[in-house]
Amino acid sequence: MSQLSSCVLPSEHDPRQWSNWRRWAIALVIWNLIAPVDMATTFYSGMQQQIQVDLGTTETLATLGTGLYNLGCVFGVLFGGPLSELHGRRPVYIFSSICFFLFSLGATVAPNITTMLICRGLAGLLGSPVFAIYGGSLADLFFPDERGPMVALFTLVLQGAPTFGPVPSSILGSFLHWRWLLGFLTMWGGLLAALMLFMPETEPNAIARKLEKSQDFLQDAKAPVAEKPRSDGWSKVLLTPITILRHEPIVSSTTIFHSFVYGLLFLLLEAYPHIYNSHYSMSREQSGLVFVAPFIGNVLGVLIYFGYLKSQYEARQRMIQLESSGKLDIEPEARLPGVILASLLIPIGLFWLTFSADPQVHYFLPVLSGVPVGMGMTLLQLSLFNYYIDLYPTKSASVVAANTSVRNIVATIFPSIALPLYNAMGIRNANMTLACISCIGFPTGVILYVFGRRLRAASTWAKRTTTSGDAVVSLGASAPLLAQAPENRYGGTASSA
């Protein structure tokens, strides 16, 4: 989020005052930009067998095409957010989308596996900053009470694109060459890169600086001048996620579980072909279709969150404010029921897979086990990120960046350990091990729900509260990534119709 506390913009330059169709068009272009970058993480898996044969490489090296892409994303999200806050969203979007297009093109025409892996890693590194700045763009464009539909759409593509990715490539890979399939993602990314050239700036500090330079904007004498980027600012911000991860047990404990759940998706990319080939003689392409079930779970997870959990949270917030005559703020722990529910759904799905994946059982039954897993993945991300936003009002972007980086490290490693794990332990024992590990999320969620207030009291960055009887008084302003108003106030007085 912008750090400018008071930057008054004329209504025609204030993104929140633009017409509804313009704001939605910008948001949908960003949504479409995220889709190919996110889908590229797993789209590769559906044609991995083709690539392995065509480039004459081993299965281990071919699998690195997924791992190195995720490894690039680890670092891309760390510099994307700070740079967008210092220099504006538009330059980062343009640079990121063009780089994703160029290195995707390089992977498409790669003559050997070395070139393929290098291009995949660079596409992930330079394409992933979009994951760090989309939240800031939504906050720039929409008032808090307008963001609900957009948050649902972005959540669906962020979690659904990598889950659904193996399905189209598995279907089309049976009769199309892998270069045509990668070419489709490349052309999609190229089209979005071209559209980004016409994308207006939405970051308020960047807009104010541009107006000042063009002398089209007369600064109010009482209003501060827009902040200038500091040369050392981005490097300091870059270290903030690492610092928070080291010193905040709330962040480190929830990130460990979330990283396992996210990495599980990429482990299953390699585990599903092994399981369904061993028990049901399915090819790798056919087993890729199994990911339809987790994707259905993703959709159901979004519906449950916005249809039930969010309304329960808001009802609880209204009740507390009524009881305190509007003086009290909701505790961040009110977000944790979604995390606890997710921590139950994921083990249920994995235990289901453990005991149903058997040659004597029809394959449809183990396939359905992916539905609760997909539901848990989406509910966990939605609930946990909103928990972070409520809990760390001034550092939410850095906390999300820390979580995302660790998740991508795990996603880099998990595809490579899948086959050794299943070969060494056997299918049932490997599935049982994963199911048992996934159970750590439930006690973590419960402990935070019960003792979260005490942990916040000892935190440097978390929202502080003082207790008086049963009352909880907020000492920190609430801030904002996707659900609440950002710290900066800028432009106009009403939204444009």
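Overview of the structure. (Residues numbered from 1 in each chain as written. Predicted model: local features only at pLDDT ≥ 70, side-chain atom pairs only at ≥ 80, totals over all residues. Heavy atoms only, no water.)

## Looking at the packing of aromatic side chains
Heads up, the condition is: Aromatic contacts are taken between Phe, Tyr and Trp rings whose centres are within 6.5 Å, Trp giving its six-membered ring; a plane angle under 30 degrees counts as stacked, one over 60 as edge-to-face, and the others as tilted. A helix here means a DSSP run of H or I that spans at least four residues, while a strand means a run of E at least two residues long, and both kinds are numbered starting from the N terminus. Here the term buried applies to any residue with accessible area under 20% of the maximum for its type, exposed to any over 50%, and partly exposed to those in between, with areas from a 1.4 Å probe on protein chains only. In this analysis the charged atom, NZ for Lys or CZ for Arg, is taken to sit over a ring once it is within 6 Å of the ring centre and within 35 degrees of the ring normal.
By the definition in use, this model includes 13 aromatic pairs. Residues phenylalanine 164 and phenylalanine 295 carry aromatic rings whose centres are separated by 4.8 Å and whose planes lie at 45° to one another, so their mutual orientation is tilted. Of this pair, phenylalanine 164 sits in helix 7 (residues 148-164) while phenylalanine 295 sits in helix 14 (residues 292-323), placing them 131 residues apart in sequence. On the basis of relative accessibility, which here comes to 28%, the residue phenylalanine 164 falls in the partly exposed class. Chaining the aromatic ring pairs together yields one cluster made of Tyr272, Tyr276, Tyr280, Phe291 and Tyr363. A cation over a ring is seen here: arginine 335 above tyrosine 313, with NZ or CZ 3.5 Å from the ring centre. Arginine 407 extends its terminal NZ or CZ atom over the ring of tyrosine 262, reaching a point 4.6 Å from the ring centre.

## Brief notes about a nonpolar patch on the surface
Here is the rule: Any residue with relative accessible area above 30% and no salt bridge may belong to a patch, with like charges joined within 9 Å and the nonpolar Val, Leu, Ile, Met, Phe, Trp and Tyr side chains within 5 Å. Per-residue and other accessible areas follow the Shrake-Rupley method at a 1.4 Å probe size, with only the shown protein chains counted as cover for residues. Any Lys or Arg side-chain nitrogen found within 4 Å of a carboxyl oxygen on Asp or Glu counts as a salt bridge.
Where nonpolar side chains cluster on the molecular surface, the patch consists of Ile171, Leu172, Phe175, Leu176, Trp180 and Leu289 and spans about 600 Å² of accessible area. The topology assignment puts isoleucine 171 in helix 8 (residues 166-172). On the basis of relative accessibility, which here comes to 42%, the residue isoleucine 171 falls in the partly exposed class.

## Some points on unusual backbone geometry
With a phi close to 55°, serine 281 is a non-glycine residue in the positive phi region. Looking at where serine 281 falls in the secondary structure, it is placed in the loop between helix 12 (249-280) and helix 13 (284-288).

## Focus on the nonpolar core
In plain terms, the rule: Joining through side-chain atoms within 4.5 Å is the link that ties buried Ala, Val, Leu, Ile, Met, Phe, Trp, Tyr and Cys residues into a set, and such a set is a nonpolar core. Whether two residues touch is decided by their heavy atoms; if any such pair falls within 4.5 Å, the residues are in contact.
Counting residues in hydrophobic clusters, the biggest one holds 62 residues, and the most contacted among them are Leu264, Ile275, Tyr276, Tyr387, Tyr422 and Leu434. For this core, the elements supplying multiple residues, two or more each, are helix 12, helix 14, helix 15 (336-356), helix 17 (370-391), helix 18 (396-425) and helix 19 (427-438). The element best represented in this core is helix 12, accounting for 17 residues. Sequence-distant contacts of leucine 264, defined by excluding residues within four places in its chain, comprise Ile346, Leu350, Val373, Phe414 and Leu434. In this structure, Ala27, Ile51, Phe100 and Leu192 belong to the second largest nonpolar core, which totals 50 residues.

## With respect to the side chain of threonine 186
Along the polypeptide, threonine 186 turns up in helix 9 (residues 178-196). Residue classification places threonine 186 among the buried residues on the basis of a relative accessible area of 4%.

## As for the pattern of salt bridges
Evaluated as defined, the whole model comprises 4 salt bridges. Two residues, arginine 456 and glutamate 333, come together in a salt bridge whose shortest N-O distance is 2.9 Å. With a gap of 123 residues between them, arginine 456 in helix 20 (residues 441-457) and glutamate 333 in the loop between helix 14 and helix 15 connect regions that are remote in the sequence. Take arginine 456 and glutamate 333: they sit in the same class, and that class is buried. Among the salt bridges present, the one from aspartate 390 reaches arginine 335, with a minimum N-O distance of 2.8 Å. On the criterion of sequence distance, the pair formed by aspartate 390 in helix 17 and arginine 335 in the loop between helix 14 and helix 15 is long-range, its members being 55 residues apart. Across the pair, exposure class does not vary: aspartate 390 and arginine 335 are buried alike.

## Here's the deal with the packing of helix 1 (residues 20-43) against helix 4 (residues 89-108)
Note the cut-off: Where helices are involved, their axes are fitted lines through C-alpha atoms of the stretch in contact, as for all axes, and angles between N-to-C directions lie from 0 to 180°. Should an angle fall under 35 degrees it is called roughly parallel, over 145 degrees roughly antiparallel, and 65 to 115 degrees roughly perpendicular, with every other angle called oblique. Here is the rule for handedness: rotate from the far helix to the near one, and if that takes an anticlockwise turn smaller than a right angle the crossing is left-handed, while a clockwise turn gives right-handed. When residues are grouped by polarity, Ala, Val, Leu, Ile, Met, Phe, Trp, Tyr, Cys and Pro land in nonpolar, Asp, Glu, Lys and Arg in charged, and all others, Gly among them, in polar.
Two elements in contact, helix 1 and helix 4, have axes whose closest approach is 12 Å; the angle formed by their N-to-C orientations is 40°. Taken together, the axis directions place helix 1 and helix 4 in an arrangement best described as oblique. Seen from above, helix 1 lies across helix 4 with left-handed handedness. Here Ile30, Leu33, Pro36, Val37 and Ala40 of helix 1 lie close against helix 4, whose contacting residues are Tyr93, Ser97 and Phe100. Of the residues belonging to the contact of helix 1 with helix 4, the class tally is 7 nonpolar, 1 polar and no charged.

## Side note on the packing of helix 1 against helix 7
Following both chains from N to C, one finds helix 1 and helix 7 inclined at 20°, their axes separated by 7 Å at the closest point. In terms of orientation, helix 1 lies roughly parallel with respect to helix 7. When the axes of helix 1 and helix 7 are compared, the crossing they make is right-handed. In this structure, helix 1 uses Trp24, Ala27, Leu28, Ile30, Trp31, Ile34, Ala35, Asp38, Met39, Thr41 and Thr42 to contact helix 7, whose residues at the interface are Pro149, Met150, Leu153, Phe154, Val157, Leu158, Gln159, Ala161, Pro162 and Thr163. Its residues assigned to classes, the contact of helix 1 with helix 7 shows 16 nonpolar, 4 polar and 1 charged.

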